[in-house]
Amino acid sequence: MKLSIMQLVPVCCLFRLAVQGQTTVTLKAPKFVGLEIGSLQNISVTPSEPLQEMLFVTFNVTFSSKQASIVELPKDITLPAHSNATFFQVKAVGIGRVIVFLESSNGSSSNSTNVTRTLARIHFLVMQSSALNLLIQVIGWVYFLAWSISFYPQVIENWRRKSVVGLNFDFLALNLTGHIAYGMFNVGLYWIPLIKSQFMKSNPGGINPVGASDVFFSLHAILLTAFTICQCFLYERAEQKVSKIATVLLVVTWLFGLVTLFVTIADKITWLQYLYYFSYIKLAITLIKYIPQVSGEESACHGIQWRNVAGFSLVRHCENGKSSAP
């Protein structure tokens, strides 16, 4: 038994060396750096794995929002072998955006560490004032709150009346599908590295359009819309149901999503393109989802069912108008 253990030791060592030989080294650096014009900032970079040799790094500007200089960067930086981290200084000299790739200039090497050509990507944004950028973020979250709060008056109205009579079920069904489509798009672009990478490759000078407020709004909207649909099963609803036209639209929409899913799995289109299709679904539903509710109210005025908008919260849509105002 001792002999067997001794024989395993060199095997384990060889396996460890083989794994180390396949290790790919990149640099850990901030993906986004915001600067005020005229300011200086030190940017820290850290190797993802211990370096077996000295690493020479150059800066490749792949996008600039204007021809004049926006940031001043060093010509290159050097990371000594076995170093844990280093930093370089950047100066903001003009307002705008710059996308910079940190690239290895070592060339081919016979060492065991495999250093990739592209080590990191940094997006620099130079602004007149950081306070203005903070204000923009605050406005984004206020927008999120205004839209999110708008869901609650309908839920409260249903609970108070113990009835959903007057709330069009086509509107709810379309709204849930729209929010799910919007949520898939937001979650994919905000959290999934593969899709974020595909976006950056197809938009080398672009900024990810999805922020944290977008993700939380869409997830919250899905939950509240689903909760409202649950109320439809619990409270009085008279003879209301989802219409045949809405049912056909929903079946076609989800069949399209299923077919394009298999097309994506077969690598005919990218996952980013797949999510773009869901953004188009969200746009289409936004354009048509109020039609059933409005047409239902018009029918009410003609004495078919109801003679007012009881059961449909107008507070919600006043809030929507507020949050949509330019």
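Residues numbered from 1 in each chain as written. Predicted model: local features only at pLDDT ≥ 70, side-chain atom pairs only at ≥ 80, totals over all residues. Heavy atoms only, no water.

A word on the overall build of the protein. Assigned secondary structure in the protein consists of 10 helices and 11 strands. In the protein, buried positions account for 37% of the 326 residues. Partitioning the contacts of the protein with sequence separation of at least 6, the portion at a separation of at least 24 is 75%. Only carbon and sulfur atoms are counted for the fraction: they give 65% of the accessible area of the protein, which is about 19100 Å². (Helix = DSSP H or I, 4+ residues; strand = E, 2+ residues; numbered from the N terminus. Buried < 20%, exposed > 50% of the residue type's maximum accessible area, 1.4 Å probe, protein only. Contact = heavy atoms within 4.5 Å. Areas by Shrake-Rupley, 256 points an atom, 1.4 Å probe, with all protein chains shown as cover.)

Inspection of the entire model under this criterion finds zero disulfides. Cys232 forms no disulfide, and the closest cysteine sulfur to it belongs to Cys230, at a distance of 8.8 Å. (Disulfide = S-S within 2.5 Å.)

The next point concerns the packing of aromatic side chains. With the rule as written, the count across this model stands at 14 aromatic pairs. Both rings, one in Tyr190 and one in Trp191, keep their centres 5.7 Å apart while their planes meet at 70°; by these two values the pair is edge-to-face. A residue is classified by how much of its surface remains accessible, and Tyr190, at 29% relative accessible area, is partly exposed. Taken together through their ring pairs, the aromatic side chains of Tyr143, Trp147, Phe151, Tyr182 and Phe217 make up a single cluster. (Phe/Tyr/Trp six-rings, centres within 6.5 Å; stacked < 30°, edge-to-face > 60°.)

It is possible for side chains of opposite charge to pair when their charged atoms get near one another. Applying the stated criterion across every chain, the model contains two salt bridges. Between Glu103 and Arg117 there is a salt bridge; the shortest N-O distance is 3.6 Å. With Glu103 in strand 9 (residues 96–104) and Arg117 in the loop between strand 10 (114–115) and strand 11 (118–127), this residue pair connects regions lying 14 residues apart in the sequence. Using a relative accessible area of 53% as the deciding quantity, one classes Arg117 as exposed. The partner of Glu157 in a salt bridge is Arg160, with the nearest N and O atoms 3.1 Å apart. Note that Glu157 and Arg160 are positioned in helix 3 (residues 152–161) at a spacing of three residues, about one turn of the helix. (Salt bridge = Lys/Arg side-chain N within 4 Å of Asp/Glu carboxyl O.)

It is worth spelling out the environment of Leu174 at this point. The residue Leu174 is located in helix 4 (residues 169–191) in this model. Separated by 76 residues in the primary sequence, Leu174 and Leu250 have C-alpha atoms spaced 7.2 Å apart. In this structure Leu174 touches Leu250, Ile285, Lys289 and Pro292, once residues within four positions along its chain are discounted.

As summarised here, the arrangement of the four strands in space is 2-4-8-6, forming an open sheet in which the pairing is antiparallel. In this open sheet, the two edge strands, each paired with only one partner strand, are strand 2 (27–28) and strand 6 (71–72). Alignment of strand 4 (residues 40–47) against strand 8 (residues 86–92), held across six bridges, turns out to be antiparallel. Its bridge partner lying in strand 8, Ile43 is registered against Phe88. (Pairing = 2+ DSSP bridges.)

What follows deals with the sheet that holds strand 7 (residues 76–79). Strands belonging to one sheet form pairs held by backbone hydrogen bonds; the direction of such a pair is parallel or antiparallel. Read from one edge of the open sheet, five strands run 3-11-9-5-7, paired in mixed fashion. The sheet terminates laterally at strand 3 (32–36) and strand 7, the two strands that pair on one side only. Strand-to-strand twist of the sheet, defined as the mean angle between neighbouring strand axes without regard to direction, takes the value 30°. (Axes fitted to C-alpha atoms, helices over the stretch in contact; angles between N-to-C directions.)

Within the fold, Ser213 resides in helix 6 (residues 212–234). Since its relative accessible area comes to 15%, Ser213 is described here as buried. Ignoring anything within four residues of it in the chain, the contact list for Ser213 reads Gly140, Trp141 and Phe144.

This part takes up the pairing of strand 9. For strand 9, a buried count of eight out of nine residues is recorded, marking the element as mostly surrounded by other parts of the structure. Inspection of the sheet shows strand 9 paired to strand 11 by eight bridges, in the antiparallel sense. The residue of strand 11 that forms the bridge with Arg97 is Leu125.

Detailed reading of the predicted coordinates is not advisable wherever pLDDT is low. Looking at the protein, pLDDT values average 81 and 79% of them are 70 or higher. By mean pLDDT, the top-scoring element of the protein is helix 7 (residues 244–265) (95), and the lowest-scoring one is helix 10 (residues 314–324) (47). Note on residues 17–21: pLDDT under 50 across the span, and two contacts to partners over four residues away in sequence or across chains. For the stretch residues 319–326, pLDDT sits under 50, and the model shows nine contacts to residues farther than four places along the chain or on other chains. (pLDDT = per-residue confidence, 0-100.)

Attention shifts here to unusual backbone geometry. One non-glycine residue, His82, lies in the positive phi region at around 65°. Assignment of secondary structure puts His82 in the loop between strand 7 and strand 8. On the accessibility criterion, His82 (57% relative accessible area) is exposed. The residue Ala238 is not glycine, and still its phi comes out positive at about 55°. Its location among the elements puts Ala238 in the loop between helix 6 and helix 7.

Quick look at helix 3 now. Within the sequence span of helix 3, burial applies to Pro153, Gln154, Val155 and Asn158. Just past helix 3, the residue Lys162 takes up positive phi, approximately 55°.

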